[in-house]
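# Fold and geometry: a report
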Amino acid sequence: MRLIQLFKAGGKSAFSRYQKLSLLGKALIWFILFFYASLTLFIVLVTPGRIAQYLHDRAQDIQRLRYGAIILVLVIILISFPPFIGHTTMVNLCGFTYGLRGFIPAAIGTVVGSAIVFVILRLLFSKRLRTWSSTNEKWQALETVVRAKGLPLIILIRVSSFPPWVYSNSLFASIESVSLIQFVIATLFVLPKVFLFCFVGSRLSKLSDGEQRSHMDTQTKVINSLLALGGVLLAVAASSVVYFQMQKQIMALRSSPSQQDELAAEALEGAEEGAPLLRTLSSDSIDNS
């Protein structure tokens, strides 16, 4: 019952945020929905079996490369920079290509990539960041609260599914009270989820190859399917729990008598947009076009 109430509250919160979006923001939401609907139709028409076999063959090509794992690490590092996306997909691909051994390149790419993004964004935009934050009360309050609550709050924000990966990297680079050491430690807490997605990828790989499937009995196929599905559901459940804990933290800050805490809660909600460094990057790309 409590879980249903939490999902209802999450749905109302999502709808409320949708209503507050600009026309461009709403158009982007509908574009994403249209994209996934088109993708679903493509999968149905081409058939999942043919797509899975093609992906398995390409994964084997990567595995045969001498430096295939290094290539995957470099790609994960690249997509850790905003505005790129696809971190979860690449982690799945590591497991899809190398099985559970794929956790090693996935973990290295995750930790090293996020650390590189953190350092580069902070070095390149430190002056502009200070100028922006000095005139923004909400961001000053968020920095103060993060500094006061320390590593536990940083870990909670980092492990939460919102903001997404690249936005999260940008977010922490924006908060001057977060040190590189704290950021790396918080990122290490993401690795269990990385392992889970690698595991799902490894199960899907076995089911994707027609030759391997032909040698499996029905029981083995069912077990592999259930393991893959269970991994996905476990990841979703864990992400949901952490997200709701994050929302409880925001509500606690909002209910605090301190005006600084309330401002920090508003800034933390706005942080899902990757403010302020992501806005800086977006405005730079517009100015240069």
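Residues numbered from 1 in each chain as written. Predicted model: local features only at pLDDT ≥ 70, side-chain atom pairs only at ≥ 80, totals over all residues. Heavy atoms only, no water.

Under an unreviewed UniProt entry, the chain has the name Golgi apparatus membrane protein TVP38 and belongs to Hygrophoropsis aurantiaca.

Helix and strand counts for the chain come out as 15 helices and zero strands. Taken over 289 residues, the chain has a buried fraction of 39%. Within the chain, contacts between residues at least 6 apart in sequence are counted, and of these 75% link residues at least 24 apart. Summing over all exposed atoms, the chain offers an accessible surface of approximately 16600 Å²; the carbon and sulfur share of this is 69%. (Helix = DSSP H or I, 4+ residues; strand = E, 2+ residues; numbered from the N terminus. Buried < 20%, exposed > 50% of the residue type's maximum accessible area, 1.4 Å probe, protein only. Contact = heavy atoms within 4.5 Å. Areas by Shrake-Rupley, 256 points an atom, 1.4 Å probe, with all protein chains shown as cover.)

To continue, consider the nonpolar core. With 30 residues, the main nonpolar core has Val146, Phe172 and Val178 as its most contacted residues. Sort the elements by how many residues they give to this core and helix H8 (residues 151-159) lands first, with five residues. Apart from residues lying up to four places away in sequence, Phe172 is in contact with Phe118, Arg122, Ile154, Ile157, Arg158, Val178 and Phe183. The next biggest cluster of nonpolar side chains, apart from the first, holds 19 residues, and it includes Tyr98, Val166, Val190 and Cys198. (Core = buried A, V, L, I, M, F, W, Y, C linked by side-chain atoms within 4.5 Å.)

Considering all chains together, one arrives at two salt bridges under this definition. Asp61 serves as the salt-bridge partner of Arg58, at 3.0 Å between the closest nitrogen and oxygen. One end of the pair, Arg58, and the other, Asp61, are both in helix H3 (residues 48-64), three residues apart, so they sit about a helical turn from each other. Looking at Asp61, the relative accessible area reads 32%, which means it is partly exposed. With a closest N to O distance of 2.7 Å, Asp61 and Arg64 form a salt bridge. (Salt bridge = Lys/Arg side-chain N within 4 Å of Asp/Glu carboxyl O.)

The next thing to look at is the packing of aromatic side chains. Within this structure, the stated rule accounts for three aromatic pairs. Seen in terms of ring centroids, Phe103 and Phe195 are 5.5 Å apart; in terms of plane orientation they differ by 80°. Their pairing is edge-to-face. Here Phe195 lies in helix H11 (residues 191-208) and Phe103 lies in helix H6 (residues 103-133), a separation of 92 residues in the sequence. For Phe103, a relative accessible area of 23% translates into the label partly exposed. By the ring-pair criterion, three or more aromatic residues cluster together here, those being Phe118, Phe172 and Phe183. Sitting above the plane of the Trp165 ring, Arg158 keeps its charged end 4.2 Å from the centroid. (Phe/Tyr/Trp six-rings, centres within 6.5 Å; stacked < 30°, edge-to-face > 60°. Lys NZ or Arg CZ within 6 Å of the ring centre and 35° of its normal.)

Its location among the elements puts Ala238 in helix H13 (residues 218-255). Since its relative accessible area comes to 40%, Ala238 is described here as partly exposed.

Attention now goes to the environment of Leu204. With respect to the element layout, Leu204 can be found in helix H11. Given a relative accessible area of 36%, Leu204 falls into the partly exposed group. C-alpha separation for the pair Leu204 and Asn224, spaced 20 residues apart in sequence, amounts to 7.7 Å. With near-sequence residues (within four places) excluded, Leu204 lies in contact with Phe96 and Ala228.

Turning our eyes to something else, we now look at the packing of H3 against helix H5 (residues 87-98). Between H3 and H5, the shortest axis-to-axis distance is 8 Å and the interhelical angle comes to 75°. The angle between H3 and H5 places the two elements in the roughly perpendicular class. Between H3 and H5, the residues in contact are Ala52, Leu55, His56, Ala59, Ile62 and Gln63 and Phe96, Thr97 and Tyr98, respectively. Split by residue class, the contact of H3 with H5 holds six nonpolar, three polar and no charged. (Axes fitted to C-alpha atoms, helices over the stretch in contact; angles between N-to-C directions. Parallel < 35°, antiparallel > 145°, perpendicular 65-115°, else oblique. Nonpolar A, V, L, I, M, F, W, Y, C, P; charged D, E, K, R; others polar.)

With 18 residues, H11 extends 25 Å between its outermost C-alpha atoms, agreeing within 8% with the 26 Å of an ideal straight helix rising 1.5 Å per residue. Where burial is concerned, most of H11 is hidden: 13 out of the 18 residues are buried. (Expected span 1.5 Å × (residues − 1).)

In this section: a nonpolar patch on the surface. Residues Leu28, Phe31, Ile32, Phe35, Tyr36, Leu39, Phe42 and Ile43 make up a contiguous nonpolar surface patch of about 780 Å² in total accessible area. Summarising the element assignment, Phe31 is placed in helix H2 (residues 23-46). (Patch = residues over 30% accessible without salt bridge, like charges linked within 9 Å, V, L, I, M, F, W, Y side chains within 5 Å.)

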